[in-house]
Protein chains: 2
Amino acid sequence: MPELRRDPILGRWIIIAQERGKRPTDFLIEEFKVKGGFCPLCPGNEKTTPDEVLVYGREWGYPNTPGWKVRVVPNKYPALIIEGSLDKQGEGLYDRMNGIGAHEVIIESPNHQDRFSHLPPHDMVLTFRAFRDRIRDLSKDNRFNYVVVFKNFGKAAGASLEHSHSQLVALPILPRMVTSELDGSLSYFKYKDRCVFCDIIRQETQQKVRLVCENSLFVTLAPFAPRSPFEMWIMPRYHNSSYIDQDDGSLMALAEIFSETLRRLDACIPNVPYNFVLHTQPLRSGSLEHYHWHFEIVPKLTSIAGFEWGTGFYINPMPPEETCRYLREVTL
Amino acid sequence: MPELRRDPILGRWIIIAQERGKRPTDFLIEEFKVKGGFCPLCPGNEKTTPDEVLVYGREWGYPNTPGWKVRVVPNKYPALIIEGSLDKQGEGLYDRMNGIGAHEVIIESPNHQDRFSHLPPHDMVLTFRAFRDRIRDLSKDNRFNYVVVFKNFGKAAGASLEHSHSQLVALPILPRMVTSELDGSLSYFKYKDRCVFCDIIRQETQQKVRLVCENSLFVTLAPFAPRSPFEMWIMPRYHNSSYIDQDDGSLMALAEIFSETLRRLDACIPNVPYNFVLHTQPLRSGSLEHYHWHFEIVPKLTSIAGFEWGTGFYINPMPPEETCRYLREVTL
């Protein structure tokens, strides 16, 4: 019997229409091959990118030279541009403004062959520090209200460069994902006087049927109403609405659970393409009692995107309790 | 300069980041080849589908035999099933119910080679009548609250069968697309005491920069804040919230403008894959002053789906004023 499930934050309903006997290995994944060729993100080619805005690991030497471990540069083909004013205007009943924003690339390792999921936590943590430090820096620009941080891994998930990287986009407006989550979690808070994410963590760590892994500061869950098989959320165990308030110790614990989570995913479905997106409070909101920062990792496994993003209505062929069992039981 | 634009109904912001000199022919489209082989939707193979629930054009003869022009059958592999009760339940803070619903396939022509966009309007209209008549019939089942009607054309847009067809899914709940549109258009109505869609039609038919084509009863627009290049909305010129109230004459005018719209699209970008989705009022809402039924046609031209459906934030490389110019000026 298929099942309809409601996401408790967004109110989004999804259909779990289980295909009998389907196993993770039945998802068809393209082989991941490193093709090589000229790479603008490799050490030695620093002059081919815009000037770096942040670098970790280069103890001495000039900017835009090798020796770094993580390097952040503006996107050479940005979707938004940094110079100018917003110049908000109406056009009859419509609203528009200039496309002011920042679009940056976080190069996660100097080695072209490295994959993010295979980086040791003490290297991976540098990327999480770069996210934090770039958001902190961009928040000083009062034209911006939100910074979207995301990673596309694999061609099917939208990656166009091979070299391991993630991206951020600073925006003058709040994306719908953020306003919908804030609205949904606020209405739960008004009703229950509790954070819905804290309640989810409490229920999941008790029931343990959708708990993938945990450490002292973080948990990884398969959400109750996932859009895709093997969707996972990584959440801080204790209430906190702001990613940029995390200290280096907390980010180290994040890197440890993130590494374990991605290795579990990769062990279940080798080379699976995925997107992850950081969900955190808006730059100007202050701490929020009803909101809880987290990462959402969504593998790209189902192809019926067109209809689904047209209706906000997802069909998922594998229940999260089952994907979670695979993820927990896999040998790392 | 890139531009940020806000959809006046949903409040969704999109980025228009124009790639200079990009032309419709620069979008890479797979060749459309009819492969043939056994087709369960072809005449003669009626026994291989579940029993038909509606048929047009068969003047005499038994059910599930050739002679039809349009035929509607339950999906052999349905996402939801028709028998049973909803059995709504909580599980801690979560909500679930049985996956009760209908999932049907509308076979738009008996000829395997036919394409929907190439059907003459007097044949195409049968599909629009089938949509209406099936929604009317399904609305008698009081377990259902909404019927999603959609078409996937081309593999990239999610079509798995070659033979021209569309689909419908009857649901016990309202999909997010519907609740968001209802909420957005209601808050406009509360503020202005006018239907936002009527205001859009008024502005667009005056300005004519995003007007693709029109007839006495319908208009086709490129929306102000499109998710994809060449996105188009087909809307009734006069206020009406309910698709199923349309008479045969009105559906004939719909088929005429739909045919012209798809032929213009196909002339600009031959074989472009697309999805269309019918947006209409919920089954139990009664007529709505603030809502206006319409079709949204979204070509599948950009690949960055993963990030975009994660954030609700779209980057569009071609402004609608430009796509509209191509669509208007093309030779049919």
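Residues numbered from 1 in each chain as written. Chains lettered and ligands numbered in written order. Predicted model: local features only at pLDDT ≥ 70, side-chain atom pairs only at ≥ 80, totals over all residues.

Undergrad: Just give me the short version of the sheet that holds strand β1 (residues 3–6) of chain B, but keep the residues and values in it.
TA: Pairing is mixed across the open sheet formed by five strands, whose spatial order is β5(A)-β6(A)-β1(B)-β2(B)-β15(B). Unpaired on one side and paired on the other, β5 (89–91) of chain A together with β15 (314–316) of chain B mark the two borders of the sheet. On average, adjacent strands in this sheet sit at an angle of 30 degrees to one another, irrespective of strand direction. Here strand β2 (residues 13–16) of chain B runs beside β15(B); their pairing, made up of three bridges, is parallel. Along β15(B), the bridge assignment pairs B:Ile14 with B:Tyr314. (Pairing = 2+ DSSP bridges. Helix = DSSP H or I, 4+ residues; strand = E, 2+ residues; numbered from the N terminus. Axes fitted to C-alpha atoms, helices over the stretch in contact; angles between N-to-C directions.)

Undergrad: Which residues make up the environment of B:Ser250, and what are the values?
TA: All names here are of chain B. Inspection of the secondary structure puts serine 250 in helix α4 (residues 248–268). Look at serine 250 and you get partly exposed, because 18 C-beta atoms sit within 10 Å. Sequence spacing of serine 250 and glycine 57 is 193 residues, and the spatial spacing of their C-alpha atoms is 20 Å. (Buried ≥ 20, exposed ≤ 12 C-beta atoms within 10 Å, placed from the backbone.)

Undergrad: I'd love a proper account of the relation of the copies chain B and chain A, names of residues and values included.
TA: Rotating chain B by 180 degrees about the axis while translating it 0.0 Å along that axis superimposes it on chain A, leaving an RMSD of 0.0 Å. Expressed as an axis order, the relation between the two copies is that of a two-fold axis. A shared interface surface links the copies, since 100% of the contact residues of chain B are contact residues in chain A too. (Least-squares fit on C-alpha atoms with pLDDT ≥ 70 in both. Contact = placed C-beta atoms within 7 Å.)

Undergrad: Kindly report on the environment of B:Arg134, identifying the contributing residues and their values.
TA: Inspection of the secondary structure assignment puts B:Arg134 in helix α1 (residues 121–138). Residues contacting B:Arg134, with those up to four places away along its chain left out, are B:Leu54, B:Val72, B:Glu104 and B:Leu168.

Undergrad: I'd like a description of the interface of chain B and chain A, backed by residues and values.
TA: Contacts between chain B and chain A engage 53 residues on the former and 53 residues on the latter. If one sorts the elements of the side of chain B that touches chain A by residue count, helix α5 (residues 305–311) of chain B sits on top with six residues. Bridge count between strand β6 (residues 94–98) of chain A and β1(B): four bridges; the pairing is antiparallel. Of the residues in β1(B), the one forming a bridge with A:Asn98 is B:Glu3.

Undergrad: Explain helix α3 (residues 196–207) of chain A residue by residue, including any values.
TA: All names here are of chain A. Along its 12 residues, α3 runs 16 Å from first to last C-alpha, staying within 8% of the 16 Å computed at 1.5 Å per residue. Contacts from the buried residues of α3 go to α2 (176–192), β10 (211–214), β11 (218–221), β12 (232–236) and β14 (294–299). Just downstream of α3, lysine 208 is the residue with a positive phi angle, here 65 degrees. (Expected span 1.5 Å × (residues − 1).)

Undergrad: Let's hear about the packing of α1(B) against α4(B): which residues, and what values?
TA: Residue and element names in this part refer to chain B. Taken N-terminus to C-terminus, the directions of α1 and α4 make an angle of 120 degrees; their axes are 8 Å apart at the nearest point. Taken together, the axis directions place α1 and α4 in an arrangement best described as oblique. Both α1 and α4 take part in a crossing whose hand is right-handed. When α1 is examined against α4, the residues Pro121, Met124, Val125, Phe128, Arg129 and Arg132 are found in contact with a partner set consisting of Asp248, Leu251, Met252, Leu254, Ala255, Glu256, Phe258 and Ser259. Broken down by class, the residue content of the contact of α1 with α4 amounts to nine nonpolar, one polar and four charged. (Parallel < 35°, antiparallel > 145°, perpendicular 65-115°, else oblique. Left-handed = near helix turned anticlockwise from the far one by under 90°. Nonpolar A, V, L, I, M, F, W, Y, C, P; charged D, E, K, R; others polar.)

Undergrad: Quick rundown of unusual backbone geometry? Include the residues and the values.
TA: Apart from glycine, the bulk of residues carry a negative phi angle, and the bulk of peptide bonds sit in the trans form. Residues and elements named next belong to chain B. One non-glycine residue, aspartate 87, lies in the positive phi region at around 50 degrees. Judged by C-beta crowding, with 11 C-beta atoms within 10 Å, aspartate 87 ranks as exposed. Positive phi, close to 70 degrees, is recorded for phenylalanine 230, a residue that is not glycine. Note that phenylalanine 230 resides in the loop between β11 (218–221) and β12 (232–236).

Undergrad: So, the nonpolar core: which residues are in play, and what are the values?
TA: With 90 residues, the main nonpolar core has B:Val147, B:Val148, B:Ala170, B:Met232, B:Ile234 and B:Met235 as its most contacted residues. If you look at the next biggest cluster of nonpolar residues, it comprises 89 residues, including A:Trp68, A:Val148, A:Leu221 and A:Leu262. (Core = buried A, V, L, I, M, F, W, Y, C linked by C-beta atoms within 7 Å.)

Undergrad: If you had to explain the pairing of strand β14 (residues 294–299) of chain B to someone new, which residues and values would you point to?
TA: All names here are of chain B. Within β14, six of the six residues are buried, which leaves it mostly tucked inside the rest of the structure. Neither face of β14 is left uncovered, since the one carrying His294, Glu296 and Val298 and the one carrying Phe295, Ile297 and Pro299 both have all their residues buried. Where β12 and β14 come together, three bridges link them in antiparallel fashion. Across the sheet, the residue bridging to tryptophan 233 is glutamate 296, located in β14. As paired elements, strand β13 (residues 274–279) and β14 share six bridges and run antiparallel to each other. Pairing of asparagine 275 across the sheet is with valine 298, part of β14.

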